[in-house]
Amino acid sequence: MSDRRVSRDFTVAVFVIHQDHVILHPHAKLGIWLPPGGHIEPHELPDEAAVREVFEETGVQIELMGERGLDVDYPGQPVQLVRPEGIQLESIAADHDHIDLIYFARPAGSPDQFPALVDGMEWVGRAELPLAALTAEVRDWCDKALAAAGRW
């Protein structure tokens, strides 16, 4: 364990899947393709942040995919949130980290109602992933999300 002082923020990253495609965008500062995502605001639940970030960045309303600890919310009892597909620690700077909750999602509604994506966002097909400027980590998450889509 290090004794360096590090600030940490909780963030979300959402791999939105539809018909063997995933929504990605080229990150201006990093020069790599990433899924939509961002910081969890102090007043938000992680589920809410995931839905909000995807809508703000893509214009697409989503439904988070995944399990909840229990299948029902009992009145007056703890609310069951969607269990992230993964949680990872990402070093953003020498003194700052992100604790990134990774979610899988699909667009809500029928495909004919999906809006056009916001500028810079693209539906990237499975066959195009090897050609995209992705890190090995993002490529693995894309593959995992696309494989999981079959169980929805």
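An account of the accompanying structure is given in this report. Here the structure is a predicted model, which is why all the values come from computation and not from measurement.

## Considerations on a nonpolar patch on the surface
Argument step 1. A surface patch of nonpolar side chains, amounting to about 280 Å² of accessible area, comprises Leu 70, Val 72 and Tyr 74.
Argument step 2. Mapped onto the elements, Val 72 comes out in the loop between β5 (62-65) and β6 (86-93).
Argument step 3. Owing to a relative accessible area of 36%, Val 72 belongs among the partly exposed residues under this scheme.

## Topic: the nonpolar core
Argument step 1. In terms of nonpolar packing, the biggest core is built from 19 residues, with Phe 15, Val 22, Leu 24, Phe 104, Leu 129, Leu 134 and Cys 142 touching the most fellow members.
Argument step 2. The leading source of residues in this core is helix α2 (residues 136-148), at 6 residues.
Argument step 3. If sequence neighbours within four positions are ignored, Cys 142 has contacts with Phe 15, Val 22, Leu 24 and Leu 129.
Argument step 4. Val 60, Ile 62, Leu 64 and Tyr 103 belong to the second largest nonpolar core, which has 17 residues in total.

## So, the pattern of salt bridges
Argument step 1. Enumeration according to the criterion identifies 8 salt bridges in this entry.
Argument step 2. For Asp 97, the salt bridge is made with Arg 8, and the minimal N-O distance between the two is 3.1 Å. In this pair, Asp 97 sits in strand β7 (residues 96-107) while Arg 8 sits in strand β1 (residues 7-18), placing the two residues 89 residues apart along the sequence.
Argument step 3. With relative accessibility at 46%, the residue Arg 8 sits in the partly exposed group.
Argument step 4. Here the salt bridges share partners, and the residues they tie into one network are Glu 44, Arg 52, Glu 53 and Glu 56.

## Topic: a negative patch on the surface
Argument step 1. A contiguous patch of negative charge, built from Glu 90, Glu 137, Asp 140 and Asp 143, is present on the exposed surface.
Argument step 2. Examining the composition of the negative patch, we find that 3 residues originate from one element, α2, more than from any other.
Argument step 3. Looking at where Asp 143 falls in the secondary structure, it is placed in helix α2.

## A few points about the packing of aromatic side chains
Argument step 1. Counting across every chain of the model gives 3 aromatic pairs.
Argument step 2. Centre to centre, the rings of Phe 15 and Trp 141 are 6.4 Å apart; their planes meet at 25 degrees, and the pair counts as stacked. Note that Phe 15 is positioned in strand β1 and Trp 141 in helix α2, a separation of 126 residues in sequence. Comparing Phe 15 with Trp 141 shows no difference in burial state: the two are buried.
Argument step 3. Note on Trp 141: relative accessible area 12%, which makes it buried.
Argument step 4. Taken together, Phe 15, Phe 104 and Trp 141 form an aromatic cluster joined through their ring pairs.

## Some remarks on the side chain of His 25
Argument step 1. With respect to the helices, strands and loops of the structure, His 25 is situated in strand β2 (residues 21-26).
Argument step 2. Other than its neighbours up to four places away in sequence, His 25 contacts Ile 32, Trp 33, Leu 34, Pro 35, Pro 36, Glu 57, Gly 120 and Met 121.

What counts as what
- Residues numbered from 1 in each chain as written.
- Predicted model: local features only at pLDDT ≥ 70, side-chain atom pairs only at ≥ 80, totals over all residues.
- Heavy atoms only, no water.
- Patch = residues over 30% accessible without salt bridge, like charges linked within 9 Å, V, L, I, M, F, W, Y side chains within 5 Å.
- Areas by Shrake-Rupley, 256 points an atom, 1.4 Å probe, with all protein chains shown as cover.
- Salt bridge = Lys/Arg side-chain N within 4 Å of Asp/Glu carboxyl O.
- Helix = DSSP H or I, 4+ residues; strand = E, 2+ residues; numbered from the N terminus.
- Buried < 20%, exposed > 50% of the residue type's maximum accessible area, 1.4 Å probe, protein only.
- Core = buried A, V, L, I, M, F, W, Y, C linked by side-chain atoms within 4.5 Å.
- Contact = heavy atoms within 4.5 Å.
- Lys, Arg positive; Asp, Glu negative; His and termini not counted.
- Charge placed at Lys NZ, Arg CZ, Asp CG, Glu CD.
- Phe/Tyr/Trp six-rings, centres within 6.5 Å; stacked < 30°, edge-to-face > 60°.

Geometry only, nothing functional implied.
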